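Each chain is listed here by its residues.
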Amino acid sequence: MPKPPSQDTRAPIVIENPWERLRAFTDARIGLGRAGVSLPTHQLLAFQLAHAQAQDAVHCPLACEALADELTRQLALASAPLVVHSRAEHRAMYLQRPDYGRRLDEPSRQALQQAAESGQRYDLAVVVVDGLSALAVQQNSAPFLAALYDALQRDHHDWQLAPLTLVEQGRVAIGDEVGALLNADAVLVMIGERPGLSSPDSLGLYMTWAPEVGLKDDRRNCISNVRPAGLAYAEAARRLLLLLREARERKLSGVKLKDRSEDNVLEGSHSTRNFLVAD
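All figures in this text were calculated on a predicted structure; none of them were measured in a lab.

1. Let's talk about the overall build of the chain
When helices and strands are counted, the chain shows seven helices and eight strands. Burial statistics for the chain: of 279 residues in total, 44% are counted as buried. Restricting to contacts in the chain with at least 6 residues of sequence separation, those with at least 24 account for 65%. Counting only carbon and sulfur atoms, one obtains 52% of the accessible surface of the chain, whose full area is about 15,400 Å².

Okay, structure coming up:
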C-alpha cells in the first residue's frame, strides 16, 4: 500500500501576500492573503462588515433637526437652515424612482418661493442633500462648511450667500431647482455619495453656474470623497473656491471649466497658465 503524502505541520495556515505592505497607502482591498483557496477569516469578516456599513449608509435617515441645529450653532447662522423635501415621499420611493429625487415637492417649492420674495440675488446657494449616504452628510457637513465659510470670508470678493437649505430624499439635480428659486448665480450641492466598501461616509460637492431645472451633468463640476480619510475639508474648500472664482468670472461651469488644482500649478505662482479653464 502506498504511503500517504507527508504533510508539513509547520506550514502556515494563512499565506501572506507580498503586496500587503501597499495597504498602508490605500483603503483598497489588495494583498489580503489566502487560507487554502479562500480569504483569511479576519479579511472575510472585514468584508462582511464593510458591506453591512454600506447598506446601513444607504438606508439610514438624515436627522435633519439635529443637523440644522448643529449647522446653525457652528456656523453662527442668523436663521436656521430651510428644510425641504423632494417628491420622493419615503426611502423606498427614492431608491426606485430617481426622477422623484431630482424635483422638490409642492410645499417645498412654495416655501422657497416665499423665502425669495424680496427678489434679492445671491452669488451662491448652498444645498445640503442626504443622497445615498445620510451618514456622510451628518458627519462631514458642519466641518466642511466651516472650512468653506472661512475661505469665502477671507476671499477678496464679498460672497452673498442664499439661505442654507437642507433637502431630504434628494439627488444632485434638485440643487438646480433650489438655486433657481433662491435667485442664486451658482449652486453648491453637498450630497452623500454612493457608499463603497471602504467609504460609506464620502461627501460629494457639485457646483453649477446659472442653475435651472433640466440641466445635464456636463454643466456641473464635482469634487468627491470629502471626509477625514479622503480629501481634507480645508483642501476641498480651497479647490471649490478656485472653481467658484473662475465660474463667476467666465459665467460657466462643467466640462468647459476644468479643475486642475492637483497639477503642479499653485495659486500665486509665477506661471501664467490658467489651470481651471479648458484648453
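2. Overview of the sheet that holds strand β8 (residues 220-226)
Across a sheet, strands are paired by hydrogen bonds formed along the backbone, either parallel or antiparallel in direction. What the six strands build is an open sheet, ordered β3-β5-β4-β6-β7-β8; its pairing is mixed. Edge positions in the sheet fall to β3 (82-85) and β8, since each of these pairs with one other strand and no more. Taking the axes of each pair of neighbouring strands and ignoring which way they run, one obtains an average angle of 20 degrees across the sheet. One ladder, built from five bridges, connects strand β7 (residues 203-209) with β8; its direction is antiparallel. The residue bridging Tyr206 from the neighbouring strand is Cys222, located in β8. Where helix α5 (residues 134-154) meets the sheet, it contacts β4 (122-129), β6 (184-192), β7 and β8, and its direction lies at approximately 145 degrees from that of β6.

3. Details of the pairing of β4
For β4, a buried count of eight out of eight residues is recorded, marking the element as mostly surrounded by other parts of the structure. In terms of strand pairing, β4 meets β6 through seven bridges, oriented parallel. When the bridges of β6 are listed, Val127 appears paired with Val189. Pairing geometry for β4 and strand β5 (residues 165-168), over three bridges, is parallel. If you follow Val129 over to β5, its bridge partner there is Val167. What joins β4 to β5 is α5, and the crossover it makes is right-handed.

4. A word on the packing of aromatic side chains
Taken as a whole and assessed by the stated rule, the structure comprises zero aromatic pairs. We note Arg97 situated over the ring of Tyr100; from NZ or CZ to the ring centre the distance is 4.1 Å. A cation over a ring is seen here: Arg171 above Tyr94, with NZ or CZ 4.2 Å from the ring centre.

5. Describing the environment of Glu193
Checked against the element boundaries, Glu193 lands in the loop between β6 and β7. One polar contact links Glu193 to Ser202, side chain to side chain, over a distance of 2.4 Å.

6. Some details on the pairing of β5
In this structure, β3 lies alongside β5, joined through four bridges in parallel fashion. Paired with Val83 across the two strands is Leu166, which belongs to β5.

7. With respect to a nonpolar patch on the surface
Together, Trp19, Leu22 and Phe25 line one region of the surface with nonpolar side chains, adding up to about 400 Å² of accessible area. With respect to the element layout, Trp19 can be found in the loop between β1 (14-15) and β2 (34-35). When its relative accessible area of 55% is taken as the criterion, Trp19 is described as exposed.

8. Looking at the pattern of salt bridges
Across all of its chains, the model carries 13 salt bridges by this definition. Residues Asp185 and Arg121 are paired through a salt bridge, measuring 2.9 Å at the closest nitrogen-oxygen approach. Taken together, the residues span a long stretch of sequence, with Asp185 in strand β6 and Arg121 in the loop between α4 (106-115) and β4 at a distance of 64 residues. For Arg121, a relative accessible area of 48% translates into the label partly exposed. For Arg220, the salt bridge is made with Asp176, and the minimal N-O distance between the two is 2.8 Å.

Reading guide: rules and limits
Residues numbered from 1 in each chain as written. Predicted model: local features only at pLDDT ≥ 70, side-chain atom pairs only at ≥ 80, totals over all residues. Heavy atoms only, no water. Helix = DSSP H or I, 4+ residues; strand = E, 2+ residues; numbered from the N terminus. Buried < 20%, exposed > 50% of the residue type's maximum accessible area, 1.4 Å probe, protein only. Contact = heavy atoms within 4.5 Å. Areas by Shrake-Rupley, 256 points an atom, 1.4 Å probe, with all protein chains shown as cover. Pairing = 2+ DSSP bridges. Axes fitted to C-alpha atoms, helices over the stretch in contact; angles between N-to-C directions. Right-handed = clockwise from strand over helix to strand, strands pointing away. Phe/Tyr/Trp six-rings, centres within 6.5 Å; stacked < 30°, edge-to-face > 60°. Lys NZ or Arg CZ within 6 Å of the ring centre and 35° of its normal. Polar contact = N/O pair within 3.5 Å; in protein donor to acceptor, adjacent residues only side chain to side chain. Patch = residues over 30% accessible without salt bridge, like charges linked within 9 Å, V, L, I, M, F, W, Y side chains within 5 Å. Salt bridge = Lys/Arg side-chain N within 4 Å of Asp/Glu carboxyl O.

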